[in-house]
Amino acid sequence: MSAIDELRGDPGNEHRPVSTVAAQTLMLLFGMLAVCGLAGVLMAAFFVPAVTLTSKVAEEGVTMFDSFPTELEVAPLNESSRIEAADGSLLATFYTENRIMVPLDQISPHMQHAVVAVEDRRFYEHGGIDPKGMVRALLSNSVGGPTQGGSTLTQQYIKNALLMDAVQKGDKEGIAKATEQSYGRKLREAKLAISLEKKWSKDEILNGYLNLAQFGPSQYGVQTASLHYFSKNAADLNPGEAAMLAAITNGPNQYDPVKHPESGQKRRNEVLRDMLNQGYIDQPTFDQYSQQPVQDMLHVQNVTAGCADAGGSGFFCDYVSRVLVNDPKFAATPEERRKLLYGGGLTIRTTLDPGKQKIAEDIVNRKVAPDAQKGFGHSIVTVEPGTGKILVMAQNRTFNPYQDAGVGQTAINFNVPHQYGGGNGFPVGSTYKPFVLTQYLETGHSIYDTVATARGPKASFPARCLNRGRWYQPSDPWDPDNAVGFTLPPEQTVLDATKFSVNTSYAQIALRIDLCDIGSRARTMGAVPASFNRLAQDAAATPIEDIYGSGLAPAALVLGEQNISALDMAAAYATFASGGTYCVPTPITSVADRDGKEMPTSGSQCSQVLDQKVADAVSWVLEQDLSDPRATGKGMVIPGQTAGGKTGTSSREYHTWYVGFTKQFSTAVWYGSPTGNVPPQGTVVDGRTLSGDVYGNTVSLPTWQEYMTDITRGLPNIPFPDQPPGGSLVGGGDPQGDQPAAGGDTVPDVAGKSPEDATAALSGAGYQVSQREGKSDRVPEGQVIGTDPEAGSQLAKGAPVSIIVSAGS
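Residues numbered from 1 in each chain as written. Predicted model: local features only at pLDDT ≥ 70, side-chain atom pairs only at ≥ 80, totals over all residues. Heavy atoms only, no water.

Trainee: Describe the state of the cysteines, listing the residues and the values that go with them.
Mentor: Tallying each qualifying case throughout the model produces 3 disulfides. Shown here is the disulfide that connects C465 with C516, its sulfur atoms set 2.0 Å apart. Residues C465 and C516 are joined through a disulfide that is left-handed, its torsion about the S-S bond being -80 degrees. Pair noted here: C465 is in the loop between β12 (460–462) and β13 (470–472) and C516 is in helix α22 (residues 515–524), with a separation of 51 residues, a long-range link. Here the bonded cysteines of the protein are numbered in sequence order, and their pairing is 1-2, 3-4, 5-6. (Disulfide = S-S within 2.5 Å. Helix = DSSP H or I, 4+ residues; strand = E, 2+ residues; numbered from the N terminus.)

Here is the structure:
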């Protein structure tokens, strides 16, 4: 309760002459009475013979009173925001003040009575100020008697509202004015209280106070305090619990029943006595609750701001917060977005499936202990094809964003790109080959084309975005080897090259297309280096050669010696499952403000980026890879489900992957050291010490199979589209040519055009056209920045091309 603490805390009262204090007291009194119309009545009732009243004192009080505003103008209170899983269960709370606003009909009548009884017994009788209590308190304080408080609940609400408003705005001068020990401040609060009483009902004022006041060391409002101390809603408080909370407001730290149970219990009983004396409870009720030990009342539930209390979902929670803070549709600036997140009272419903998340957490933590030798990491992330919803994000660590993070704890999210709280991704190995295959088929080739298997150094690869239109390293040619366990024939089909992950054959495939186009194709599916900042200005228009820099080379763009996040890999493979539709992965279903109104977010952004025939063909190939016991998938199918995928093993086996999908779920699994390139030999997985060669099908594939089997159990099977046996898939190309196959064409340059003109040009060239926005500080808003794939790319007619339209900077 503010008035008592203020006057007690005013050291000036101890040293000022009684006559001076009395004069100031009368100034304050006359100022208040000036607009009350009660001066005559009060003078008769509370004549003070010890002080001579002068017209000058009265005049000064009235003048001061008139100088203060009559309207309370404050911003809405900070209210904590909730991040929820898809089923509405709470993941985390974000706040600067831990406050949950509730209407009065959701606050126990006992709580309402307790506050009125102890803070303002004449609350329902006065008009904002209590003259009788005010005069008693002022005179006692002015002559050095026992310190008394004269502030009504309305005045206390005004004082706290002004203070909170200044704090929320970072207004240091406003904070000083709201907390200064002066009669001027009291006069301002009194005038505002009188004005507020004319506009608000008593219930509205009481409700405002109960949501605003501090009911614990870091608990604001009765709902938050009730959940903290008693693990129940404010509507369910009994008289003893209500008295305990009302007691705390007088000294949130001093009377905290957790830290100071004796003083808390004593103060609680004083409140109960007030409730008894004022008829809010009877004697048996008083006896019952005043005799109850405080410890028996408490069922403390601690809530920490942020994601540290979100358990295994902490990494997903952190990702959600970063997505919101970087979403320009949510609010104009990052600072505004943070303020909304930490004080806007938002309800953020996410895509996380708690049941599937629990399955993933249990598997990765059982397979690879968080505190295991060498500190190896294991992660699972799942995206829903066709929507981009992130259903699962798990890793074998505890989320800890603080400096005291110990073994098995981290704030680094193994699954996401750097700009969203991840590292720089991990080398994806042969899980990149499906992007090479996709570009190969998009340019009119077939999976039944034949390619050579022989090893040999290669100094040049087509790369139109580089100098001389090629990658050229005559002094250091690229000479990939294979990791197959049998003798290869001189030639094999592209299908077999994929199933058995033959590096030398994929080098031959890359020679028939273009490294830059492979990178651009993967980019349309969201697969780019994790270090590339897609939040930067002009990110959407950044040329592929600038994204990769010196890393644009066959090792990266054929065999996956580049770091990509697991989330991006899962989303990219979801493109195959959805028939060519790529969706930017999203963790958020909806955001509602404190009034329940939905707020704008970028949400899921989906577009057709592959010819459906190509997407279906790649899906079919990856199904063969998984189902054939001789192939890298080792026949580790999901019972009752059609599925496909690809293993990945980085150079020297440092990082191993499996990325695979059904029609319902696309999942990426990674195993490796999050700190760098560390050999996996000697690490323990599921109780077994690894030795010898460690591939994608050694750790990650078994984890993927177990997890996908568990989450699809009982679901109907949705098969991949049928493919003609021995047919072209996709076919029509020149299987031996070094140039793009017949039927290929060149994407025209439409940069700088209007979206309408660009669409017309691309449609006229025979392409399927979609549109998306990108930031640019060079291209005016509404004009085309470029296309994806880029202008000059070799692309078959009928394939999709995205126009990137400038949204300005």
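Trainee: Give a detailed account of unusual backbone geometry, specifying residues and quantitative values.
Mentor: Non-glycine residue R652 carries a positive phi angle of around 60 degrees. Inspection of the secondary structure puts R652 in the loop between β19 (644–649) and β20 (656–661). A positive phi angle, close to 65 degrees, is found at E653, a residue other than glycine. If you trace the backbone, E653 turns up in the loop between β19 and β20.

Trainee: Lay out helix α27 (residues 700–712) with the relevant residues and their values.
Mentor: Relative to the 18 Å expected for 13 residues at 1.5 Å per residue, α27 spans 18 Å between its end C-alpha atoms, a close match to the ideal helical length. Where burial is concerned, most of α27 is hidden: 10 out of the 13 residues are buried. Among all positions in α27, only S700, L701, P702, T703, W704, Y707, M708, T709, I711 and T712 are buried. Positive backbone phi, at 90 degrees, marks G714, one or two positions downstream of α27. (Expected span 1.5 Å × (residues − 1). Buried < 20%, exposed > 50% of the residue type's maximum accessible area, 1.4 Å probe, protein only.)

Trainee: Explain the environment of F461 to me, and be specific about the residues and the numbers.
Mentor: With respect to the helices, strands and loops of the structure, F461 is situated in strand β12. Residues within four places of F461 in sequence aside, it is in contact with R470, W471, W478, A507, A510, L511, L515 and P554. (Contact = heavy atoms within 4.5 Å.)

Trainee: How would you summarise the sheet that holds strand β25 (residues 768–774) if you had to cite specific residues and measurements?
Mentor: Read across the sheet, 3 strands follow the order β25-β28-β26 without closing on themselves; strand pairing throughout is mixed. Every other strand in the sheet has two partners, leaving β25 and β26 (784–788) as the edge strands with one partner each. For this sheet, the mean inter-axis angle between neighbouring strands, taken without regard to orientation, is 25 degrees. When β26 meets strand β28 (residues 800–806), the two strands line up antiparallel, connected through 4 bridges. Across the sheet, the residue bridging to V784 is V805, located in β28. Against the sheet, helix α28 (residues 755–764) makes contact with β25, β26 and β28, and its axis sits at roughly 165 degrees relative to β28, the strand it touches most. (Pairing = 2+ DSSP bridges. Axes fitted to C-alpha atoms, helices over the stretch in contact; angles between N-to-C directions.)

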